Amino acid sequence: MRLAIYPGSFDPITYGHLDIVKRAAKLFDGVIVAVLNNADKAPVFPADERIELIETAVSGIGGVTADSFEGLLVDYVKSKGADVVIRGLRGSSDFESELRMAQMNRQLDEDIITVFLPSDAGNSFVSSSLIKQIAAYGGDLSEFVPAPVASALRNKFKQR
Ligand code: PNS
């Protein structure tokens, strides 16, 4: 069974991420959407809430689960018995940093294979950080995130 890890911050998951998940699920027997639980960052959603939102969003996609990790990605990938890392590319600006990350991960562990999937053109401008800005000002999120994510974002920003 070929398992792939799709790592990221997912704060929160967007339709852009989901498009990558759906295509990764066609390529691999299993896909783990892995949330980085980074104590240095101050996410809008704690890791457990990000996982819940991902689980709801991927519930109709076979073979996909959600999890969180701390520390080095290569160590997490190995701990799951996987060797493939999925990353989405929205454009050339993503490519430079993603290439560096893929090369570094390979340097850390030569067995790790990074697979880049091009984002859907309609999602190339969608990012979690822009979504949070729209949410902070009460904008319409329906085109960019699933309804439960939009509702969770509205609640978060109401509390602030
Ligand atoms: O969604 P993001 O924020 O672009 O995801 C970045 C992520 C989580 C994939 C990356 O920061 C990561 O893998 N962090 C774990 C720490 C690590 O392994 N760093 C070295 C990779 S070069």
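Further up the page is the structure itself.
Every value quoted in this text rests on a predicted model; they were computed, and no experiment measured them.

What counts and how
Residues numbered from 1 in each chain as written. Predicted model: local features only at pLDDT ≥ 70, side-chain atom pairs only at ≥ 80, totals over all residues. Heavy atoms only, no water. Near = heavy atom within 4 Å. Areas by Shrake-Rupley, 256 points an atom, 1.4 Å probe, with all protein chains shown as cover. Helix = DSSP H or I, 4+ residues; strand = E, 2+ residues; numbered from the N terminus. Nonpolar A, V, L, I, M, F, W, Y, C, P; charged D, E, K, R; others polar. Phe/Tyr/Trp six-rings, centres within 6.5 Å; stacked < 30°, edge-to-face > 60°. Buried < 20%, exposed > 50% of the residue type's maximum accessible area, 1.4 Å probe, protein only.

**Overview of the site of the ligand**
Contacts to the ligand come from G8, S9, L36, K41, F69, G71, L72, L73, R87, M101, M104 and N105. When isolated, the ligand has an accessible area of 550 Å², and the protein chains bury 70% of it. Sorting elements by how many residues they give to the shell around the ligand places helix α4 (residues 92-108) first, with three residues. When the residues that make up the shell around the ligand are grouped by side-chain class, the tally is six nonpolar, four polar and two charged.

**So, the packing of aromatic side chains**
Applying the stated criterion to the full structure yields four aromatic pairs. Each ring, one from F95 and one from F116, has its centre 6.2 Å from the other, and the planes form 70°; the classification is edge-to-face. Of the two residues, F95 is situated in helix α4 and F116 in strand β5 (residues 113-118); the sequence distance between them amounts to 21 residues. Residue F95 is classed as partly exposed on the basis of its relative accessible area of 35%. With centroids separated by 6.4 Å and ring planes inclined at 85°, the aromatic side chains of F125 and F144 adopt a geometry described as edge-to-face. Of this pair, F125 sits in the loop between β5 and α5 (128-136) while F144 sits in the loop between α5 and α6 (147-159), placing them 19 residues apart in sequence. For F125, a relative accessible area of 51% translates into the label exposed.

Fair warning: the whole summary comes from geometry, so function is off the table for now.
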